[in-house]
Amino acid sequence: MKSNISKELSSAIKNGDKNRIHTLRLILAAIKDKEIANRSSGEDSEVSDESVVQLLKKMVKQRNDSIEMFSKANRNELVNKEKSEIQIINEFLPQQLGE
């Protein structure tokens, strides 16, 4: 999964999509932080796809919390930024099964 995100980052850089570049770099930085934390605790430094999915879900939750606060503060430009980041993050999450 990490390699897919890296490939998408390369593609975004080639296309000049600044918002996508920013979000993908945030994702890769979070994965790298997790790898460093694993290494320092003596675990395998490679992060599994399952761990990446949990990390992405956490990032979406953080952004949803930010949207709620920005909405209360009437900061629509920041709400839109957070929503676009959620869309990009959701591209890497497994699709939820319909009921």
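Our structure's up above, just so we're on the same page.
Owing to the predicted nature of the structure, the values given are computational and were not obtained by experimental measurement.

Asks: Describe the environment of Gly16, and please don't skip the residues or the numbers.
Replies: Along the polypeptide, Gly16 turns up in the loop between helix 1 (2-15) and helix 2 (18-40). Separated by 78 residues in the primary sequence, Gly16 and Pro94 place their C-alpha atoms 26 Å from one another.

Asks: Just give me the short version of the side chain of Arg63, but keep the residues and values in it.
Replies: With respect to the helices and strands, Arg63 occurs in helix 3 (residues 49-72). For Arg63, the contacting residues outside a window of four places in its chain are Leu26, Glu82, Glu85, Ile86 and Ile89.

Asks: Which residues make up helix 3, and what values do they have?
Replies: Between the first and last C-alpha of helix 3 there are 35 Å, a value that for 24 residues agrees with the 34 Å anticipated at 1.5 Å per step. Those residues of helix 3 not exposed but buried are Val52, Val53, Leu55, Leu56, Met59, Val60, Arg63, Ser66 and Ile67. Of the residues trailing helix 3, Asn74 is marked for its positive phi of about 60°.

Asks: Pulling in residues and values, what's your account of the pattern of salt bridges?
Replies: By the definition in use, this model includes eight salt bridges. Note that Lys2 and Glu35 form a salt bridge whose closest N and O atoms lie 3.1 Å from each other. Of this pair, Lys2 sits in helix 1 while Glu35 sits in helix 2; the two residues are 33 residues apart in sequence, bridging distant segments of the chain. Residue Lys2 is classed as partly exposed on the basis of its relative accessible area, which comes to 30%. You can call Glu35 buried: its relative accessible area is 5%. For the salt bridge of Arg63 with Glu85, the shortest nitrogen-to-oxygen distance reads 2.7 Å. Within this pair, whereas Arg63 is found in helix 3, its partner Glu85 is found in helix 4 (residues 76-90), the two being separated by 22 residues in sequence. One exposure class covers both Arg63 and Glu85, and it is buried.

Asks: Talk me through helix 1; I want residue IDs and the actual numbers.
Replies: Under the 1.5 Å per step criterion, the end-to-end length of helix 1 is 20 Å for 14 residues, consistent within 8% with the ideal 20 Å. Along helix 1, the residues that are buried comprise Ile5, Leu9 and Ala12. One side of helix 1 holds all its buried residues, which, seen down the axis, span an arc of 65°. Exposed residues lying more than 90 degrees from the buried face of helix 1 are Lys7 and Lys14. Buried residues along helix 1 sit in contact with helix 2 and helix 3. A positive phi of about 75° marks Gly16, the residue just after helix 1.

Rules of the game
Residues numbered from 1 in each chain as written. Predicted model: local features only at pLDDT ≥ 70, side-chain atom pairs only at ≥ 80, totals over all residues. Heavy atoms only, no water. Helix = DSSP H or I, 4+ residues; strand = E, 2+ residues; numbered from the N terminus. Contact = heavy atoms within 4.5 Å. Expected span 1.5 Å × (residues − 1). Buried < 20%, exposed > 50% of the residue type's maximum accessible area, 1.4 Å probe, protein only. Salt bridge = Lys/Arg side-chain N within 4 Å of Asp/Glu carboxyl O. Arc of directions from axis to C-beta.

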